[in-house]
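Here is what each chain is made of, one letter per residue.
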Amino acid sequence: MSAADEILDIVDEHDQVIGQSPRGEAYAKGLRHRAVFIEARDAQGRLFVHRRTPTKLVFPSRYDMFVGGVVGAGESYEEAALREAEEELGVSGLPRPSFLFKFLYDDGAGQTWWSAVYEVRCELPVSPQVEEVAWHDFLPETEVERRLTEWAWVPDGLAAYERLRAYRANGGAAG
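Residues numbered from 1 in each chain as written. Predicted model: local features only at pLDDT ≥ 70, side-chain atom pairs only at ≥ 80, totals over all residues. Heavy atoms only, no water.

- The protein carries the name NUDIX hydrolase in an unreviewed UniProt entry, which gives Streptomyces regalis as its organism.
- As stated in UniProt under Cofactor (unreviewed entry), the record for the protein gives "Mg(2+)".
- Under the heading Sequence similarities (unreviewed entry), UniProt records this for the protein: "Belongs to the Nudix hydrolase family." (UniProt positions renumbered as here; feature names shortened; annotations may be inferred.)

Next comes the structure, spelled out in structure tokens:
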């Protein structure tokens, strides 16, 4: 089964399931679905950053400071967060990612999804999927901040990153 054929839950503005659709159709028609964003840091606190492969369905060849992806039909955010983190980092036995907050991403041009943001510490050697990740490294936060205006980032990841900074600035309260 290709990524475009994966079945997703379609949700309303309150994150209630209202139907199901293949992923490719959900993207093409702008159907609201669910996604997870996991901030992964190594033992030194550096942030996992990667560049997506050119074959990705959305945001090909863009940089991202989160691992993650869509939540499958019938899957919980928590299940998807652990599955996506382990898949994209290429590890098994990762601690369960900690939930931080959820927001509705909407680019104003038909791409919208409920986005659950998590964090996880990865002290295992990573081996990201070559189908998903073209380049990766663990970078200090200062380096990520410096690269925000230099690299082409995925827009939903940037939105999640900005919200995460605000969340932490507010002492862990969603803004």
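A closer look at the overall build of the protein
Here is step 1 of the chain: Scanning the protein from N- to C-terminus turns up four helices and nine strands.
Here is step 2 of the chain: Helices (α) and strands (β) of the protein occur, in sequence order from the N terminus, as β-β-α-β-β-β-β-α-β-β-β-α-α.
Here is step 3 of the chain: Here the C-alpha atoms of the protein give a radius of gyration of 15 Å, agreeing with the 16 Å that 2.2 N^0.38 yields for 175 residues.
Here is step 4 of the chain: With the C-alpha coordinates of the protein rotated into their principal frame, the extents come out at 45 × 35 × 35 Å.
Here is step 5 of the chain: Per-residue burial for the protein yields a buried fraction of 47% across its 175 residues.
Here is step 6 of the chain: Counting only contacts in the protein whose residues sit at least 6 apart along the sequence, the fraction spanning at least 24 positions is 62%.
Here is step 7 of the chain: A total of about 8,400 Å² of accessible surface is found on the protein, and carbon and sulfur atoms cover 49% of it.
Here is step 8 of the chain: Where the 19 positive side-chain charges of the protein centre and where its 30 negative ones centre are 4 Å apart. (Helix = DSSP H or I, 4+ residues; strand = E, 2+ residues; numbered from the N terminus. Rg over C-alpha atoms; globule rule 2.2 N^0.38 Å. Buried < 20%, exposed > 50% of the residue type's maximum accessible area, 1.4 Å probe, protein only. Contact = heavy atoms within 4.5 Å. Areas by Shrake-Rupley, 256 points an atom, 1.4 Å probe, with all protein chains shown as cover. Lys, Arg positive; Asp, Glu negative; His and termini not counted. Charge placed at Lys NZ, Arg CZ, Asp CG, Glu CD.)

Focus on the UniProt feature "domain: Nudix hydrolase" (unreviewed entry) in the protein
Here is step 1 of the chain: In the numbering used here, UniProt assigns the feature "domain: Nudix hydrolase" (unreviewed entry) to residues 31-171.
Here is step 2 of the chain: Taken end to end, residues 31-171 is 25% helix and 33% strand, and its first and last C-alpha atoms sit 33 Å apart.

A few points about the UniProt feature "binding site: Mg(2+)" (unreviewed entry) in the protein
Here is step 1 of the chain: Those places that UniProt annotates as "binding site: Mg(2+)" (unreviewed entry) correspond, in this numbering, to E84 and E88. Residues that both appear in the annotated list above and line the largest pocket are E84 and E88.
Here is step 2 of the chain: By the element assignment, E84 lies in helix α2 (residues 77-89).
Here is step 3 of the chain: What E84 contacts, discounting residues up to four positions off in sequence, is V36, I38, G68, G69 and V70. (1 Å grid on protein atoms, 1.4 Å probe; cavity = no way out; pocket = protein on both sides within 12 Å on 5 of 7 lines; lining within 4 Å.)

Notes on the packing of aromatic side chains
Here is step 1 of the chain: Counting across every chain of the model gives 12 aromatic pairs.
Here is step 2 of the chain: A centroid spacing of 5.9 Å and a plane angle of 55° characterise the contact between Y63 and W153, whose relative ring orientation is tilted. In this pair, Y63 is assigned in strand β5 (residues 63-64) and W153 in the loop between α3 (141-147) and α4 (155-169), connecting sequence segments 90 residues apart.
Here is step 3 of the chain: The ring of W114 carries K102 above its face, with NZ or CZ at 5.2 Å from the centroid. (Phe/Tyr/Trp six-rings, centres within 6.5 Å; stacked < 30°, edge-to-face > 60°. Lys NZ or Arg CZ within 6 Å of the ring centre and 35° of its normal.)

Examining the pattern of salt bridges
Here is step 1 of the chain: Per the counting criterion, the structure on display carries 18 salt bridges.
Here is step 2 of the chain: R147 is paired through a salt bridge with E143; the nearest N and O atoms lie 2.9 Å apart. Pair noted here: R147 and E143 are both in helix α3, with a separation of four residues, about one helical turn. Residues R147 and E143 agree in their burial class; the two are buried.
Here is step 3 of the chain: Where R165 meets E145, a salt bridge forms, and the shortest distance between an N and an O atom there is 2.7 Å. Here R165 is found in helix α4, whereas its partner E145 is found in helix α3, with 20 residues between them in sequence.
Here is step 4 of the chain: R165 sits in the partly exposed class, given a relative accessible area of 37%.
Here is step 5 of the chain: Among the residues examined, E145 registers a relative accessible area of 31% and is labelled partly exposed.
Here is step 6 of the chain: Each member of the salt-bridge network shares a partner with another, and the members are E39, R41, E119, E141 and R168. (Salt bridge = Lys/Arg side-chain N within 4 Å of Asp/Glu carboxyl O.)

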